[in-house]
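One letter stands for each residue in the lines below.
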Amino acid sequence: MYDWSDGLDETDDSALYFSPEAGNVVFASALDGWGFGVSHFAELYSKKLGIRQEVLQRTLWGNFYLNSKAKRIFRGATAKAKKPLFVQFVLDNIWAVYDAVVLQRDKTKIEKIVGSLGLKIPARDSRHTDPRVHLAAICSQWLPLAPAVLAMATSHLPSPLQLEPSRVERLMCSTAQSFDSFPVQTQQLSRDFLVCSSSEDAPTIGFVSKLFCVDHSMLPQNQSRPLTMEEIAKRRAAVKQRLKDQENLSSTEKSQKEGEEDGEKREEEEERSVFLAFARIYSGTLRRGQEVYVLQPRYDPQEMDLDNPRLCQDDPAGSSSLGHVGPGNANGVGADGGGGAERYATKVKITELYILMGRGVVQVESVPAGNVLGIGGLDQHILKSATVSTSLACPAFRPMSFAAAPILRVAVEPNNASDTAALSRGMSLLNQADASVEISLQATGEYILSTAGEVHLQRCLDDLRDTFAKVTLSVSAPIVPFRETIIPPPKLDTLNEVISEENVVKLAPVNPLLSEGERAEGEIVTVQTPNKACTLLIQAKPLPERVVGLLSSSTALLKALYLTTSSSGGKGQVLLSSETLEKLKKLRRDLEEGFSSEESWSEFSDDFLGRIWGFGPKSTGTNVLLCGLSEYRRGSVWRGVEGGREGPQGYHHSVVYGFQLACQAGPLCEEPLRGVCFVLRGWNFAASEGGETTGDKSLSEDTTPPVVKTVAGSYGPFSGQLISTVKEGCRRAFQVQPARLMSAMYTCNILATAEVLGKLYAVLGRRNGRVCAEEMREGSTVFSIQALVPVAESFGFAEEVRKKTSGLASPQLFFSHWEVIPNDPFWVPSSEEELLHFGEKADSENLARRYMNAVRKRKGLAVDEKLVEHGEKQRTLKRKQIAQLLCTNHVSFLCHHLVYMSSRILPFLARIC
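Residues numbered from 1 in each chain as written. Predicted model: local features only at pLDDT ≥ 70, side-chain atom pairs only at ≥ 80, totals over all residues. Heavy atoms only, no water.

Right, let's get into the overall build of the protein chain. The helix and strand tally for the protein chain stands at 25 helices and 30 strands. Every one of the 913 residues in the protein chain was classed for burial, and the buried ones make up 39%. Intrachain contacts of the protein chain at a sequence separation of at least 6 include 72% that bridge at least 24 residues. (Helix = DSSP H or I, 4+ residues; strand = E, 2+ residues; numbered from the N terminus. Buried < 20%, exposed > 50% of the residue type's maximum accessible area, 1.4 Å probe, protein only. Contact = heavy atoms within 4.5 Å.)

What follows is the structure, encoded as structure tokens:
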């Protein structure tokens, strides 16, 4: 086994750490506006003390002191009760300034300090009543912050010329794709990228990481300036003419004119926000008036005819080649582009270039390589990120990745239906302005806003109301995502009692979504196509936890595997890099170990991974479609790694596509599946003519599934029937297993004192959270607590914690993982202990059922719940009403009794008489 720690002792890793003597640390105060590095004072005192600057640079920070008589520096300042050099030469001087200016306000001492430092303080600052203003004026001249940070950045940040070729390849192509698979022109661009030249001959390459919104008044061309006498005279004449025209108009014409002016004002307000592209130039020089290509993230030079390109030209009228960049076009796909890579490339003319200077921008004519800049006029061509280049051979850079996933979703609609167009435009602008937000348009017409958290959601809604849409909004309750899964049959009931045949007094809980016939079929479900030409046997099994974790963390590898095995898209299959191939082989070995460690998968031990037909949903999920037929094998899904070729197709793609549809929406509440393996146990075709079955035909290794003929217009194409049948079969196989919901979980990091731990734990208990770790920080009375909180219960959690603890605890939430909710959504008492504890009705709260019903209600699905309407109990009546009712009933009873007695006595008296 290889020892990774071998050789670490000899390796120089000093550049990996922050150390003041190395010069990569700046001591600063943003409040008072000062900052310095050790090198600043080392240069200053080297002249006064006569000691070399290099020596002071190494000893000014640490346990060193100065012997003033010998003028030498020695170690052991603490042991000899001496002041360290940093305290003597740096901290004492800074403290003297604070003491004289802020605490004592001694003008004589302040003048002495200012004179010794050679500073010139304006009289306005020195006479100010606030001592902080005077302090900031002294410190900003003595220890300016900006030069200290700039000096450290220029001396320690690596030069672009030191960039490694492998890093260039990772920037210019995905991790899975091999850079050698690109055309020769593309591989030549990597050399220009490494040289980082700004000459005329060098191709221009830049990357736009995001778009940011600024007010149009911040742009240099829109800033206010003094008017000349001629401009003032023209404005005065225009106002007089407008007033004269208004006097001659009738009332109807005046109202119409006012409406037009209001519309113009509204349009001017909408145009107050301007988008600038935040970009960096890696090669060449970007100039105003230069024509460049804007390449979307999906652009691939392999699919482009570089000799005869057919592109979307920039429309001078302002129309976008991307069509409507917004919710319906989340990937930046051209609405009027071609069928290949042409739809992801647009030729535009650069009109505005800005250098970003803090809060303002400065307009420039050109920007050379190595600089960060802002580009105006690209908001109609870029959605979130893009690549700017003068060559079509340049590949699109990898898009930005963010640590926070947009998991919190809400539905947004305007209060007035007439503002729908404004909301659509505002959502499109928000999608461009915020790189972390995701916007989608549902089939029902709802706009779904996905954000990274509660604070991010509130910020996005405020931007919609105040900046982008400027309409009143109606926001739904947060839409929390769930996942559906199955588990092995439980051995313990809800009271932790062993389930056996002796203590079971009722039937096991069944899914009410199943019919009676489906409940008795067992684990294997049998389905047929509508024309009875194909019969499928499908079984659902839970995947091992280790396998689910591997698939969840290998989404990029599964996507690369899918690209190699898919036969569609471009001029051929994607060539994977050697690094990606090694990762895929390692993933395969890890999957084999994960399955071999489980006894329930021993029946497929001969070639389990070779039986995998696909992953889902979207070919990159954590669900697996497995072929359980011993007499038939399809081409392995790992053939891109093994170098093999695809076998006979037949209707395999229809089966895989039906499996993908089933994984996208589960039967519980139409949420995606997770950790489920569907095993195809049987697959029998019947050669039919007109829908009549003539006999079964098994599928062997050398046989291709027969083409089944159907009557036109009866059931449709057979491939479509097979897709819907496989989807329905997977759903039924899922329902006959113990189904569970999975909830998204937040990791909650909290810092709190011992006095508020009880209140904090009470809030976590009400939110169905649990504490995972608790430890006290050394040298303080603060506890560091790590807990898990369901995302569905996290809304308002931070605010409640701050209220209950009086601000002494503040949580930080991060998405952690998916966790199975232990409750069965369809649970009913099934044992004697459960009947005694819960009763026959078992009307206690079921958390999983509550979540499931809430999601089904939101999606308009049927909900199995009991509602009581117009229920009235006797104790809700008033006492007078009860007494009146009793009296009325008593009188009515007496009357009926008298009538009955008289009917029996009167005939008897008549006989006697």
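Next up on the list: the sheet that holds strand β19 (residues 473-475). Read from one edge to the other, the open sheet built from four strands follows the order β17-β18-β16-β19, with strand pairing classed as antiparallel. The sheet is open, and its two borders are formed by β17 (438-441) and β19, each paired with just one other strand. Geometrically, the sheet is characterised by an average inter-axis angle of 30 degrees between neighbouring strands, direction not taken into account. Pairing between strand β16 (residues 408-414) and β19: three bridges, direction antiparallel. Counted as the bridge partner of Glu 413 is Ser 474 from β19. In the packing of helix α12 (residues 420-433) onto the sheet, contacts are made with β16, β17, β18 (447-451) and β19, and the angle to β18 comes to roughly 25 degrees. The sheet contacts of helix α13 (residues 454-468) involve β16, β18 and β19, and relative to β18 the element is tilted by about 135 degrees. (Pairing = 2+ DSSP bridges. Axes fitted to C-alpha atoms, helices over the stretch in contact; angles between N-to-C directions.)

According to the stated counting rule, one finds 19 salt bridges in the structure shown. Close ionic contact of Arg 766 with Glu 800 constitutes a salt bridge, the shortest N to O distance being 3.0 Å. Here the residue Arg 766 occupies a position in helix α21 (residues 757-766), and Glu 800 occupies one in helix α22 (residues 797-804), the gap between them amounting to 34 residues. A residue is classified by how much of its surface remains accessible, and Glu 800, at 17% relative accessible area, is buried. (Salt bridge = Lys/Arg side-chain N within 4 Å of Asp/Glu carboxyl O.)

Time to look at the nonpolar core. In this structure, Leu 536, Phe 678 and Trp 683 are the most contacted members of the largest nonpolar core, which totals 49 residues. Looking at this core element by element, the count peaks at six residues for helix α20 (residues 718-735). Formed by 40 residues, the second largest nonpolar core is a distinct cluster that contains Ala 279, Val 388, Met 427 and Leu 430. (Core = buried A, V, L, I, M, F, W, Y, C linked by side-chain atoms within 4.5 Å.)

In this section: the side chain of Asp 463. Here Asp 463 lies in helix α13. Excluding residues within four positions of it along the chain, Asp 463 makes contact with Leu 430 and Phe 468.

Throughout the structure, instances matching the rule amount to one cavity of 30 Å³ or more. A volume near 40 Å³ is recorded for the largest cavity. Every residue along the wall of the largest cavity is listed here: Leu 536, Ile 538, Leu 625, Val 655, Phe 678, Leu 680, Val 726 and Cys 730. Counting residues per element, the ones that place at least two in the lining of the largest cavity are β22 (534-542), β25 (676-689) and α20. Here the residues of the lining of the largest cavity sort into eight nonpolar, no polar and no charged. (1 Å grid on protein atoms, 1.4 Å probe; cavity = no way out; pocket = protein on both sides within 12 Å on 5 of 7 lines; lining within 4 Å. Points joined across faces, edges and corners; volume = space filled by probe spheres on them. Nonpolar A, V, L, I, M, F, W, Y, C, P; charged D, E, K, R; others polar.)

Two elements in contact, helix α3 (residues 85-103) and helix α6 (residues 131-142), have axes separated by 9 Å at closest approach and are oriented at 150 degrees. For the element pair α3 / α6, the angle class is roughly antiparallel. Here α3 runs over α6; the crossing is right-handed. Seen from α3, the contacting residues are Asn 93, Ile 94, Val 97, Tyr 98, Val 101 and Val 102; seen from α6, they are Pro 131, Arg 132, His 134, Leu 135, Ile 138 and Trp 142. (Parallel < 35°, antiparallel > 145°, perpendicular 65-115°, else oblique. Left-handed = near helix turned anticlockwise from the far one by under 90°.)

A few words on unusual backbone geometry. A cis geometry characterises the amide bond from Gly 616 onward to Pro 617, with omega recorded as 0 degrees. Located in the positive-phi region is Lys 618, a residue other than glycine, with phi close to 60 degrees. In this fold, Lys 618 is placed in the loop between β23 (612-616) and β24 (623-627).

A few words on helix α4 (residues 107-117). Structurally, the α-helix is built with 3.6 residues per turn, so residues lying three or four positions apart point the same way. Buried within α4 we find Ile 110, Ile 113 and Val 114. For α4, the angular spread of the buried residues around the axis is 95 degrees, confining them to a single face. In α4, those exposed residues whose orientation departs by more than 90 degrees from the buried face are Thr 108, Glu 111, Lys 112, Gly 115 and Ser 116. On its buried face, α4 sits against α3 and α6. At the N-terminal boundary of α4, the capping side chain belongs to Asp 106, with an oxygen 3.2 Å from the backbone nitrogen of Thr 108. (Arc of directions from axis to C-beta. Polar contact = N/O pair within 3.5 Å; in protein donor to acceptor, adjacent residues only side chain to side chain.)

Together, Leu 227, Met 229 and Ile 232 make up a nonpolar patch on the protein surface, roughly 280 Å² of accessible area in all. Relative to the assigned elements, Met 229 resides in helix α10 (residues 229-247). Classification of Met 229 as exposed rests on a relative accessible area of 67%. (Patch = residues over 30% accessible without salt bridge, like charges linked within 9 Å, V, L, I, M, F, W, Y side chains within 5 Å. Areas by Shrake-Rupley, 256 points an atom, 1.4 Å probe, with all protein chains shown as cover.)

What follows concerns the environment of Leu 473. Inspection of the secondary structure assignment puts Leu 473 in strand β19. Each C-alpha atom, one on Leu 473 and one on Pro 414, is 4.5 Å from the other, the two residues being 59 residues apart in sequence.

As a further point, take the environment of Arg 740. With respect to the secondary-structure elements, Arg 740 resides in strand β27 (residues 739-753). Measuring from C-alpha to C-alpha, the distance between Arg 740 and Asp 824 comes to 6.0 Å, with 84 residues separating the pair along the chain. Beyond its immediate stretch of four places on either side in the chain, Arg 740 contacts Arg 483, Glu 484, Thr 485, Ile 487, Pro 490, Leu 668, Val 820, Ile 821, Pro 822, Asn 823 and Asp 824. One polar contact links the side chain of Arg 740 to the main-chain carbonyl oxygen of Pro 822, over a distance of 3.3 Å.

Let us look at the packing of α12 against α13. Geometrically, a packed helix pair is captured by the angle between its two axes and the distance between the axes. Running from amino to carboxyl end, α12 crosses α13 at an angle of 125 degrees, the nearest separation of the two axes being 10 Å. Put simply, α12 runs oblique to α13. The way α12 lies across α13 gives a crossing that is right-handed. Across the interface between the two elements, Gly 426, Met 427, Leu 429, Leu 430 and Ala 433 from α12 touch Cys 460, Asp 463, Leu 464 and Phe 468 from α13. Residue classes in the contact of α12 with α13 are distributed as seven nonpolar, one polar and one charged.

Attention now moves to the side chain of Ser 424. Take Ser 424: it is sitting in helix α12. Of note is the side chain of Ser 424, whose polar atom sits 3.0 Å from the side chain of Tyr 447.

With that out of the way, let us pick up the confidence of the model for the protein chain. Here the protein chain averages 76 in pLDDT, while 73% of its residues score no lower than 70. Element-level mean pLDDT values for the protein chain span from 41 in strand β26 (residues 692-697) up to 92 in strand β20 (residues 482-486). Long-range and interchain partners of residues 1-6, a stretch whose pLDDT sits below 50, account for zero contacts in this model, where long-range means more than four residues apart. Contacts from residues 516-521, a stretch scored under 50 in pLDDT, to residues over four places away or in other chains number seven contacts. (pLDDT = per-residue confidence, 0-100.)

You can see Leu 551 is positioned in helix α15 (residues 545-553). Here the alpha-carbon distance between Leu 551 and Phe 615, two residues 64 residues apart in the chain, equals 9.1 Å. Leaving out residues up to four positions away in the same chain, Leu 551 has contacts with Leu 543, Leu 558, Leu 591, Phe 615, Gly 621, Thr 622 and Val 624.

Here we come to the packing of aromatic side chains. Under the definition given, this model contains 18 aromatic pairs. For the ring pair Phe 27 and Phe 36, a centre distance of 5.5 Å and an interplane angle of 25 degrees mean the geometry is stacked. The exposure class assigned to Phe 36 is buried, which follows from its relative accessible area of 3%. Here Trp 61 and Phe 86 contribute two aromatic rings whose centre-to-centre distance is 5.0 Å and whose plane-to-plane angle is 80 degrees, an arrangement assigned as edge-to-face. Of this pair, Trp 61 sits in the loop between α2 (53-59) and β3 (64-67) while Phe 86 sits in helix α3, and the two are 25 residues apart along the sequence. On the basis of relative accessible area, Phe 86 is assigned to the buried category, the value being 9%. In textbook terms, an aromatic cluster arises when at least three aromatic residues are bridged by ring pairs, as seen for Phe 27, Trp 34, Phe 36, Phe 41, Tyr 45, Trp 61, Phe 86, Phe 89 and Trp 142. Over the ring of Phe 278 we find Lys 210, and its NZ or CZ is 5.9 Å from the ring centre. (Phe/Tyr/Trp six-rings, centres within 6.5 Å; stacked < 30°, edge-to-face > 60°. Lys NZ or Arg CZ within 6 Å of the ring centre and 35° of its normal.)

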